[in-house]
Structure formats: structure tokens, C-alpha cells
Amino acid sequence: MTSIWLDRSETFTSDPFEPDSKYDTVVAGAGLTGLVTALLLARSGQKVLVIEARFPGAVTTGNTTAKVTLLQGTFLSQLARQYSAKQVQAYVDANREGQAWLLRYLDEHQVPYQRRDAYTYAATPQGTEKLREEVSAGTTAGLDMEYVRDAGLPFAVHGAVRLPDQAQINPMQVLDALMADIRSRGGTIVSGVRLRDVTGDIPSAVKTDRGSVRADRVVLATGIPVLDRGLYFAKLKPSRSYAAALQLQEGQEPPPGMYISVEQPTHSLRDFEHNGRRLLLVGGHGHHVGRAQSEKAHLAGLLDWSRQHYPGAVTTHTWSAQDYMATNLMPFFGKLPRGKGHVYFGTGYNKWGMTNAVAAAVGISADILGGQVPWADTIHHRVTSPSGALSAVALNAGVAAKLASGWGQLAAEGLKTEGAKALKTGKEQPAPAAAPVVPAEGQGEVYREGTRPVAASTVDGTTCKLSAVCTHLGGIVHWNDSELTWDCPLHGSRFSSEGKLLEGPATRDLPQAGKA
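In this text, all values refer to a predicted model and were calculated from it rather than measured experimentally.

**Some words on the packing of helix α2 (residues 75-82) against helix α4 (residues 128-140)**
A pair of packed helices can be characterised by two numbers: the angle between their axes and the separation between those axes. Where α2 meets α4, the axes come as close as 7 Å, and the angle between the chain directions of the two elements is 75°. As the angle between them shows, α2 and α4 are arranged roughly perpendicular. Here Phe75, Leu76, Ser77, Ala80 and Arg81 of α2 come into contact with α4, specifically with Lys130, Glu133, Glu134, Ala137 and Gly138. Residue composition of the contact of α2 with α4, grouped by class: 4 nonpolar, 2 polar and 4 charged.

Written as C-alpha cells, this is what we have:
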């Protein structure tokens, strides 16, 4: 499953990684947040190093639907139920600045993008009330939203919110421009280097899997912070959603705007010109990472919906993306708690990262360089509402339930596993019958060998047996039958069938079964 953005001939060439070097700032993560932050700091004259565990755009940025819009479903009305008008206005101002900065930058560097009207539509009569609430929240915050009956879609809707003159991008073209700019200002960008820890006072030791460097400041632009200080993994819900590119039949055209539905499962639409063809991109059908009975079924549901509304459409690409949803709705950015004042982060963009990522980068760089951003100050001083607190309680109750269920109980009781050092005391419970040692092609199974939970899978004829215990906080991993990966249902860490860490708060691979 490769996104249409990542299916390209251009390849990234890494700068050399030089252990024991000293930098003003090290940025971990070469997505939109990390690269905009790095550029803003490099512009100020800082010596900046960007380290990326895989390759630029490998995770959320390279798998987004890439809408640069201030109409974000019904998000503003959701915020208005929890926060004061001042806080909602700060969120809008942040996203407005993020959008304006990005589009201005693309104009200056001649990176193409398309202007489109954005729509949130209701497919049912019940959804129209949410639309009217969104219009009210948006117009109160100064956005030119309007309620319309016709959204230009080829199927009937019961109404829509329209916000004119928004934008859509190819995110990898944006990253290419940012990286060239950073390097032209003396910055260094290295791939294949994973952050493991940050220790000490200024300058801190920035520890990676390829050695250490030193830096006065560190920015975590890793989707979810890979340092557990602040416990943000307990404040964020990891969500996996799906997307596809469709070549339409003769006589069919993608609709003229960018769209997202009110109802669940979500359906998102936009167009994209690829190799001389105008394709339709659809997205949605998300779920909590690692908790779907079948990820393949979620993708199939999205494709079935697409074929229903666009008969005969041919699928050219399918992919998925991971987003982190803040339990209190408002994104997090700024100084990381217990980071001694020199570790910064951004996370929790709630699927609207193209504007929020840039806004977070602006806020982080202002903090580092001594600037002041009024909307950032307002957002930093928010107070979590009772409903936001209840969402956090519910999320972590679900995490606890997952940890305690199935093989999670095995890890929670402290049996000897690759991811847990404690040994169980008292009488051990008898082991259940083991699953097949060699799963069928494309399948994965979790079973027990003695007291060890084992994750076995067969992909391309090769069977791998790994520890089934997530290296983050000991959750038992789940087989993703769509992407053929091991996904942790606790906090969203994901691993390849061979155990290589792909994303999430973990910092280490899954070891082979029987090896610590």
C-alpha cells in the first residue's frame, strides 16, 4: 500500500550523520512540522540537524489527503462546546496563520497547488443540525462560511457548509522545497537515524540508534512524542484511516471542491492530476489503531462506497495514514513537560495537519527564538473541560481493558516476555494451545510458547516469529491484515512483519521470539 504521493521516481539522498557533533537545534522527524520548524530556525542563523528514522514524509505527511483548509469537518463546533470563544478564535487564528504561511511559501518557491472551495456535507437529515452549528461557530470566529443546498456532488445530500478559496497540495512537493531550502541555509537532513533519548542539561545528549550528538534544543516532530515525559500517549487516541486514488470512467469527473461528510464512517473527496489524468482521491473509514477486527474490511468498505457513487471507477492506489486525536480536541505544541525547558514538541492535530503542523512549527520556533505569538499563548493557557477530561478517562480505560484482555493479561501480570523484565510470582497458569506455527500467507497469529507471547506471520513466503509484546509499554500487538504489520492497540506503535519499527511512541524494534 503506497500512497499516490510516495509513488514517484524521486529518491531522497541523506546527508552524512556525524556522531559527537554539536548543533543549536536537533529536530526529530522530517514531516511537515519538523521541516517547517527546521527552516524557520535555519533562517535565523541556527545550525540545525533534522534526523528521520525512515525517510522524509514516510508517515503522516506522505499519506495525508493534503487539504489546506480552515473548514475542518465540524471541528469548530466541537471546540465551541468545550472551550470559550477566545480559545476557539485562537485555534482559528493559528490555522489561518499556518495556511497563509504555507501558501505564501509555495507561491514564493513556485510549488504548485490548487485553490478549491471546501465543503462539509450531510448525507442524512440528522446531519444538517451539525452543519448549522458549524456555520455558527465558524462565522463567530470570522470565517466566511455559508450553508448551501447543493455541494456539486454526484449524489444527493441534505445540505452542506461551504468555505470558499481553500487549497489542496501534493505534500511531497512541499517537503522537497523545504528540504532544499533548509540545506541551502546550512542545515543537515539525515535519514535512517532514530531518536532514542535526550539526556542532560544544555547542551543535551541526543541519543540515537547510530550514536549521539549534542544540541541546545531538541524538537520532537515525530507524530506522537517518542519521549514519554508528559505522558502524551495517554492524552492522544491513535487513529488509522484509509485512502484510495480512482481513475473515473469516460464522462465522469471528480467533483469541483474538497469534501468531507458529517456522518460516520467519514468520506473525504478531492481531485488530483497524476500523469495527465484527473483522479479522484477518497478517504475515511477510520478506526482506533490495532482494534479493528479486520483492517482490510475497512479499506474494502471505502472502496465499496466509492464504486457505489462512481460506478466503473478503477483503483490505482490504496494507502492508509495514522493521526493522533487529542482527547481535549486542542492540539499540543510548545515545551515538553519535564524536558528541562529545552525539549519542544507538536502533536494531536486531529487529522487536520496541513494547517496545524505549520502553526505548531511557527509556535515552537517562536518559543525557541524568543518571539511571542498571541494565539499560541492563548492555546497554551487552555483549561481542559469536563468532557475533555472524561474523554481522556474513557481512552485510558480502553487502554487498560486492552492490556488486561487476551495476551495483554499475560504482559500485565509480569510473565517473562521480551518486553517485560519482571517475572511472575506464584503459580503459573497453564498455557493454552498454541496457534499454528506457520500462519497462512498474509496472515499473523499471536500465541504462547511456554510463557512467552509470540507473534508469527507469513509474508511473501517467509515466516517470522517475534515477541508479541510492544516495546513501548508492553501491549500485545495485533495483526493488521491490510498492511501486513503488527500494530499495538494501546498507543499506536506499528512494526513490520519482520519487527522493524514503523511509527508510534516506541523507539525500538520488536525482537525475535526468545530474544530480549
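**Remarks on the pattern of salt bridges**
Taken as a whole and judged by the stated rule, the model has 22 salt bridges. For the salt bridge of aspartate 304 with arginine 307, the shortest nitrogen-to-oxygen distance reads 3.0 Å. Taken together, the residues span about one helical turn, with aspartate 304 and arginine 307 both in helix α6 (residues 295-309) at a distance of 3 residues. Residue aspartate 304 is classed as partly exposed on the basis of its relative accessible area of 46%. In this structure, aspartate 487 and arginine 494 form a salt bridge, with 3.2 Å as the shortest nitrogen-oxygen distance. A relative accessible area of 1% places aspartate 487 in the buried class. Of the residues examined, arginine 494 reaches a relative accessible area of 3% and is grouped as buried. One salt-bridge network, held together by shared partners, links Arg240, Glu483, Asp487, Arg494 and Glu503.

**Structural notes on the sheet that holds strand β22 (residues 485-487)**
Spatial strand order, β21-β22-β23-β24: 4 strands in an open sheet with antiparallel pairing. Both edges of this open sheet fall to β21 (478-480) and β24 (501-503), since each of them pairs with a single strand only. For this sheet, the mean angle separating the axes of adjacent strands, direction not counted, is 35°.

**A look at the packing of aromatic side chains**
Applying the stated criterion to the full structure yields 10 aromatic pairs. Ring centres of tyrosine 119 and tyrosine 259 lie 5.0 Å apart, and the angle between their planes is 10°; this geometry places the pair in the stacked category. Of this pair, tyrosine 119 sits in strand β4 (residues 114-122) while tyrosine 259 is found in strand β12 (residues 258-261), placing the two residues 140 residues apart along the sequence. Just as tyrosine 119 is buried, tyrosine 259 falls in that class too. On the numbers, 4.6 Å between centres and 45° between planes, the contact of tyrosine 232 with phenylalanine 345 is tilted. Of this pair, tyrosine 232 sits in the loop between β10 (211-220) and β11 (236-247) while phenylalanine 345 is found in strand β17 (residues 343-347), placing the two residues 113 residues apart along the sequence. Within the aromatic cluster, the residues linked to one another by ring pairs are Tyr121, Phe155 and Trp305. Its end group placed over the ring of tyrosine 23, lysine 47 keeps NZ or CZ at 5.0 Å from the ring centre.

**Quick word on the packing of α2 against helix α3 (residues 85-108)**
Between α2 and α3, whose axes approach to 8 Å, the crossing angle comes to 150°. Judged by the inter-axis angle, α2 sits roughly antiparallel to α3. Both α2 and α3 take part in a crossing whose hand is right-handed. Facing Phe75, Leu76, Leu79 and Ala80 of α2, the residues of α3 in contact are Val88, Tyr91 and Val92. Of the residues assigned to the contact of α2 with α3, the class counts are 7 nonpolar, no polar and no charged.

**Let's talk about the sheet that holds strand β19 (residues 452-459)**
Read from one edge to the other, the open sheet built from 3 strands follows the order β18-β19-β20, with strand pairing classed as antiparallel. Each having just a single partner strand, β18 (444-449) and β20 (462-467) make up the two edges of the open sheet. Strand after strand, the sheet turns through a mean of 25° between neighbouring axes, direction not considered. Judged from the 6 bridges that link them, β18 and β19 form a sheet pairing that is antiparallel. The partner of glutamate 449 across the bridge, within β19, is arginine 452.

**What to know about the nonpolar core**
Membership of the largest hydrophobic core comes to 83 residues, with the highest contact counts inside it found for Leu178 and Trp375. In this structure, leucine 178 is in contact with Leu32, Leu35, Val36, Leu39, Trp101 and Tyr105, ignoring residues within four places of it in sequence.

**With respect to α4**
Taking 1.5 Å per residue as the helical rise, α4 with its 13 residues ought to reach 18 Å, and the 19 Å between its terminal C-alpha atoms agrees with that figure. For α4, the full list of buried residues reads Thr128, Leu131, Glu134, Val135, Ala137 and Gly138. In this fold, the buried residues of α4 make contact with α2, β4, β5 (146-148) and β6 (159-168).

Definitions and cut-offs
- Residues numbered from 1 in each chain as written.
- Predicted model: local features only at pLDDT ≥ 70, side-chain atom pairs only at ≥ 80, totals over all residues.
- Heavy atoms only, no water.
- Axes fitted to C-alpha atoms, helices over the stretch in contact; angles between N-to-C directions.
- Helix = DSSP H or I, 4+ residues; strand = E, 2+ residues; numbered from the N terminus.
- Parallel < 35°, antiparallel > 145°, perpendicular 65-115°, else oblique.
- Contact = heavy atoms within 4.5 Å.
- Nonpolar A, V, L, I, M, F, W, Y, C, P; charged D, E, K, R; others polar.
- Salt bridge = Lys/Arg side-chain N within 4 Å of Asp/Glu carboxyl O.
- Buried < 20%, exposed > 50% of the residue type's maximum accessible area, 1.4 Å probe, protein only.
- Pairing = 2+ DSSP bridges.
- Phe/Tyr/Trp six-rings, centres within 6.5 Å; stacked < 30°, edge-to-face > 60°.
- Lys NZ or Arg CZ within 6 Å of the ring centre and 35° of its normal.
- Left-handed = near helix turned anticlockwise from the far one by under 90°.
- Core = buried A, V, L, I, M, F, W, Y, C linked by side-chain atoms within 4.5 Å.
- Expected span 1.5 Å × (residues − 1).

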